[in-house]
Amino acid sequence: MNASGGHVTDLLGAWALDACDAEETAAVTAHVHRCAACAQEAATLRQTAAALATLTDRADTGAGSPPPTTQVLTAALARRRPAPSVPAFAAPFAAAAGLFESALAELDGPARAAPSPVRGWTIGDLVTHVAATDGLLAAAIGIPADPPVDPRQDVVAHSEALIAHARTRPAEYARALWRDGVDAIAARLRAEPNLAGRSIQVGGIGMSVADQLTVRAFETWIHARDIAHAVGLRLPDPLAHDLHVMSDLAARLLDELSTLDIPGVSEPPAGTVELTLTGPGGGSWLVRVGAVGGAEGAAHAGGAEGAARTPPAAEITLGTVEFCLLVGDRRRLDDLDVVITGDDPLGRRLLALAPALSGP
C-alpha cells in the first residue's frame, strides 16, 4: 500500500466503493480512524459514489448512450453539498450526513408526503425528526438555539413539536434546518476536538460525545435508507470503518441492556455470547446476556484473552450490515441469514433484544 504524505489517498476511491482486498481494507480503516483529512475525503467520496449510482442508473434506463462520467460527476456534485469537515472521531457522523444529503436531493413533493416506517410520520417528517434530534446534540455541546433547547428532553416530544411547526413552513425548511444544524455541529467539533470524551445527555441518555455522534450517524443512515426507499434511490452502505464503529457501540449497549425482560419469557436464559459480524466493518465481541455471574465489564472485542475470562455459551455469526439493520429495527429476526451455535435460546435472546436499541 502506498501512502502520500502519511495519508492513504491513493486507496480511498477504491475503499469508498468496497473494492479493496481484505488487507487493504484493514489498513485503510485503521488509518481513517485516526486521520481527520482522510476521514473527510472518505466521507465525500462515499457521498459522490451514491450520487453517481443514482444518476448512472437514470442514464442507463433512458434513451441513447449514458453521459460521460465527468458529466455525471459534475451533475452529482452540483446537487449535493459535500460532507462536512470534522475531526476523525466524528467521521461516521459526517459520512452519514453525506448519505442523507444524497437521499434528500431526490426528495420531491409526492415523496415527502409518503408514509415512513416511524410513528405515522411522513417521509418529510423524518427530515425534521433528524434535524430535531441533531438539535438536542447541538444544545448538549454548547451550540445556542433560539428559543433555547433542553438537550435532556424527550426525543419524540421534541420531534413532534418541531414537525408540527415545519408543516406550516415551505418544503425546504426542514432540509435547511437539518443541514444548518449539521454544519454547526461540525464547526463546534473542529473548534474543540477534545470534546470527544466529554459525557453529555441527549434525550435523557448519557454517553460520551463520540458515542452520541455515533448514535446520530446510525440514525441518520437508517433514515437516509428510509428516504432512499421512498424515492427509488440505490444508497450504498456506510464505509467499513463506520459500520465497525456503529457495531461496536451496539454491542456495548446490548451488553448494558441484556438484563431486560422479554415479554412472555418467565425465566430468560443467561450467559455470554460471542457475536461475530462478517463482511466490511465486521469483528467479534463478547456480550453478556441476562444476569451472568462473575462477568466483568461491558462488551469487549473477542479474542483468546476475553474468551478465557468469559467463555461464551453461544456463538452468533451474521453480516455486519444485517446486524445494524436489525438494531435499527429495519430487519426481522426471522429474515436474517444468521448462524447460532451452542445455546440457541441464549443467542436468540440477544438478537431479540437488538431492536430495543433503536429510537424513533
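A. Structural context of unusual backbone geometry. Note the cis peptide between Asp146 and Pro147, where omega equals 0°. Residue position: Pro147 is located in the loop between helix H7 (123–140) and helix H8 (155–166). Of note, Arg119 is a non-glycine position whose phi angle comes to about 50°, a positive value. Relative to the assigned elements, Arg119 resides in the loop between helix H6 (109–112) and H7. Even without being a glycine, Asp329 presents a positive backbone phi close to 60°. Of note, Asp329 is situated in the loop between helix H13 (320–327) and strand E7 (339–342). Owing to a relative accessible area of 46%, Asp329 belongs among the partly exposed residues under this scheme.

B. Structural view of the nonpolar core. Formed by 73 residues in total, the largest nonpolar core has its most connected members in Ile141, Ile185 and Ile316. In terms of residue count, the dominant contributor to this core is H7 (nine residues). Setting aside anything within four residues of it in sequence, one finds Ile185 in contact with Phe93, Asp134, Leu137, Ala138, Ile141, Ile143 and Leu213.

C. Quick peek at the side chain of Thr320. Within the secondary structure layout, Thr320 lies in helix H13. On the accessibility criterion, Thr320 (1% relative accessible area) is buried. Among the polar contacts made by the side chain of Thr320, one reaches the main-chain carbonyl oxygen of Thr278 at a distance of 2.8 Å. At 3.4 Å, the side chain of Thr320 forms a polar contact with the backbone nitrogen of Gly282. Ignoring any residue separated from it by four or fewer positions in sequence, one finds Thr320 in contact with Leu243, Ser247, Leu277, Thr278, Gly279, Pro280, Gly281 and Gly282.

Rules used in this analysis
Every chain is numbered on its own, with residues counted from 1 as its sequence reads. Reporting in this predicted model follows two pLDDT cut-offs: at least 70 for local features of residues, and 80 or more for side-chain atom pairs to be given and counted; totals over whole chains, interfaces and linings ignore these cut-offs and use all residues. Side-chain numbers here rest on the full set of heavy atoms in the structure, without hydrogens or water. In DSSP terms, a helix is any run of H or I states spanning at least four residues, a strand is any run of E spanning at least two, and both are numbered starting from the N terminus. Accessible area is worked out with a 1.4 Å probe on protein chains only. A residue is then buried under 20% of its type maximum, exposed over 50%, and partly exposed in between. Throughout this description, the term nonpolar core refers to a set of buried Ala, Val, Leu, Ile, Met, Phe, Trp, Tyr and Cys residues connected via side-chain atoms within 4.5 Å. Note on definitions: a residue-residue contact is assigned when non-hydrogen atoms from the two residues lie within 4.5 Å. The definition of a polar contact used here is a pair of N or O atoms within 3.5 Å, where within protein one atom must be able to donate a hydrogen and the other to accept one, and adjacent residues in sequence count solely through side-chain atom pairs.

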